[in-house]
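Listed below, chain by chain, are the residues.
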Amino acid sequence: MNCPVCGSVSAHTRLETWLDPVDKASYAVLRCAGCGVEFADPFKNPGAGWYARFSSAAGYEETPKPHFKEVLRGQDGRGRLALDIGCGTGVFLAMAQAAGFEAYGIDINPEAIAAARAKGLANLFMGDLNAFREKFPGLKFDLITYFDCIEHLDDPNAELDRISSLLKDGGQLALTTPNTDRPLPFGRDYFDMPPHHLTRWTRGALTAFLASHGLEIVRLDSSYLPVWEFSRRFISALRELAMKAARAVLLPKGTPDSVTFTAAAAAGAGTPGFLRSARTRQRLVKAFYDVLHVFTFPVFFWMMLYYRLTRPGRGTQLFAIAARRG
Ligand SMILES: [Zn+2]
């Protein structure tokens, strides 16, 4: 198949295959010989039904991400327009507004939009970019933010065309996506697998992709590598192992797999009564992991330092700011 990003038909390298536990579909992950992006085959967004099953337990993020501040650093937003695509409950919108921007937010999730409204935020739009452009024809922005979205798309080129057309000449796009060159000493999270993430990006692939849409890199930072990223992944790897063991011991053979499987499933099979309350269980699990985080911190601090020194610029995130050529 052609590279869904650059269109190259050169022989792609097959990196791995993955059986999606949600709908049992099989995916290959290929690396494009042309631009270096890694992409899923088949290359298709699995749809709302899949997402509902995949992330039934996940809530919306309420803590600002580390790069939110970076985007706004030194920016005087007075008299300028900003658009946050995939704004969620409006965490970044509120910050952009405080920096003086007239900030618009767009999200496909009605609950997130309702939560943002409840915070008193205005200029919110529920729907996709096509519908947004129809509702506000001719509206163009000085700053568009696009955090952790591109890796989910099965039409990244069409989306970037839409985004680029919403930027003023010289306007800036700030974008983040996971860095596929990050260290993975404890393996990869399942949420980085297809069809949840359909593309994985390197600095080079992202730069070429943005350039092909008339966007010139102003800043590309890939050094973000916090200690907690190692302890988080270590603990979730432990947790995956524990779940596998729990499944093997507690559940009858042939029980369907589910990525949302937690101690909840095991709780039905011989867990003391007080642990059957989902809330109590969640709290205990959280407290347990918090303690683990604290105890493993010294170890992972050295690990972080090691990677920082031996693989500079290979942090967890790619954070790009690109300007639309006038
Ligand atoms: Zn390519």
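Per chain, the residues get numbers from 1 upward, laid out in the order the sequence is written. Only residues with pLDDT of 70 or above have their local features reported here, since the model is predicted, and side-chain atom pairs are shown and tallied only from 80 upward, although totals for entire chains, interfaces and linings are computed over all residues.

**Overview of the overall build of the protein**
Using the following cut-off: The way it works is that DSSP assigns letters per residue, a run of H or I at least four long becomes a helix, a run of E at least two long becomes a strand, and they are numbered from the N terminus. Contact between residues is assigned whenever the C-beta positions, reconstructed from backbone atoms, fall within 7 Å.
Tallying secondary structure elements over the protein gives ten helices and eleven strands in all. Taking the intrachain contacts of the protein between residues at least 6 apart in sequence as the baseline, contacts between residues at least 24 apart amount to 68%.

**Considerations on the sheet that holds strand β3 (residues 38–41)**
Where we set the bar: The rule for pairing is simple: two strands pair if DSSP sees at least two bridges between them.
Ordered in space as β1-β2-β3-β9, the four strands form an open sheet in which the pairing is antiparallel. What marks the edges here is a single partner per strand, and that holds for β1 (13–19) and β9 (199–200). Pairing of β1 with strand β2 (residues 26–31), which is carried by six bridges, proceeds in the antiparallel orientation. Bridge pairing in β2 places R14 opposite L30.

**Some points on the sheet that holds strand β11 (residues 317–324)**
The strands making up a sheet associate through hydrogen bonds between their backbones, and the pairing can be parallel or antiparallel. Short version of the rule: Helix axes are fitted only over the stretch in contact, all axes being lines through C-alpha atoms; the angle between N-to-C directions runs from 0 to 180 degrees.
Pairing is mixed across the open sheet formed by seven strands, whose spatial order is β6-β5-β4-β7-β8-β11-β10. With partners counted over all chains shown, the strands left at the sheet margins are β6 (124–126) and β10 (215–221), one partner each. Between one strand axis and the next, the sheet turns through 15° on average, direction left out of account. Bridge count for strand β7 (residues 141–147) against strand β8 (residues 167–178) is six bridges, and the pairing is parallel. What sits directly across from F141, in β8, is L167. Here helix α7 (residues 203–211) sits on the sheet and contacts β10 and β11; the angle it forms with β10, its principal contact strand, is near 155°.

**Focus on the pairing of β1**
Counted only if it meets this: Here the C-beta atoms are placed from the backbone, and a residue counts as buried if at least 20 other C-beta atoms lie within 10 Å of its own, exposed if 12 or fewer do, and partly exposed otherwise.
Where burial is concerned, little of β1 is hidden: zero out of the seven residues are buried. Taking the residues between adjacent antiparallel strands as the criterion, β1 and β2 are bridged by six residues, where K24 takes a positive phi near 65°.

**Re the nonpolar core**
To keep things clear, this is the line we draw: Definition of nonpolar core: a set of buried Ala, Val, Leu, Ile, Met, Phe, Trp, Tyr and Cys residues joined via C-beta atoms within 7 Å.
Grouped together as the largest cluster of nonpolar side chains are 53 residues, with contacts concentrated most on F39, A82 and I144. Per-element tally for this core: the top contributor is β11, with five residues. The residues touching A82, leaving out its near neighbours within four places in the chain, are G77, A96, F101, A103, Y104, F141, D142 and L143.

**What about the confidence of the model for the protein?**
Close inspection of predicted coordinates is inappropriate in any region flagged by low pLDDT. Short version of the rule: For every residue, the predictor assigns a confidence score, pLDDT, that lies between 0 and 100.
The share of residues in the protein with pLDDT of 70 or more is 90%, and the mean pLDDT across the chain is 88. Overall, residues 259–270 carries pLDDT values under 50, and its contacts beyond four positions in sequence, including any with other chains, amount to 20 contacts.

**What about the environment of I85?**
Mapped onto the secondary structure, I85 falls in strand β4 (residues 81–85). Through-space distance from the C-alpha of I85 to that of D107 is 6.4 Å; in sequence the pair is 22 residues apart. Once residues lying within four places of it in the same chain are set aside, the contact partners of I85 are I106, L129, I144, T145, Y146 and C149.

**Here's the deal with unusual backbone geometry**
The peptide bond linking D41 to P42 adopts the cis configuration, its omega dihedral lying at 5°. Within the element layout of this structure, P42 appears in the loop between β3 and α1 (48–54). Put simply, P194 and P195 share a cis peptide bond, and its omega is 0°. Relative to the helices and strands, P195 resides in the loop between β8 and β9.

**Brief notes about helix α6 (residues 156–165)**
For an α-helix, the turn length of 3.6 residues means that residues three or four places apart are oriented alike. Worth spelling out the cut-off: Here the arc refers to the set of directions running from the helix axis out to each C-beta atom.
When we look at burial in α6, the residues that qualify are P156, L160 and I163. In a view along the axis of α6, the buried residues occupy a sector of 60°, so they form one face of it. On its buried face, α6 is in contact with β7, β8 and β9.

**Quick look at the pairing of strand β5 (residues 102–107)**
Both faces of the sheet carry side chains from a regular strand, because those side chains alternate between them. Short version of the rule: A right-handed crossover is one whose linking path, passing over the helix from the first strand to the second, runs clockwise when the strands point away from the viewer.
Summarising burial for β5: five of the six residues are buried, a large majority. The handedness of the β4 to β5 crossover, carried by helix α3 (residues 91–98), is right-handed.

**A closer look at the environment of A118**
Following the sequence through the fold, A118 ends up in helix α4 (residues 110–118). When the C-alpha positions of A118 and T89 are compared, they lie 9.1 Å apart, and in sequence the two are 29 residues distant.

**Some thoughts on the environment of W201**
Within the secondary structure layout, W201 lies in the loop between β9 and α7. Along the chain, W201 and D181 lie 20 residues apart, while their C-alpha atoms are 8.1 Å from each other. Ignoring sequence-local partners within four residues, the contact set of W201 consists of V37, T177, T180, L206 and L318.

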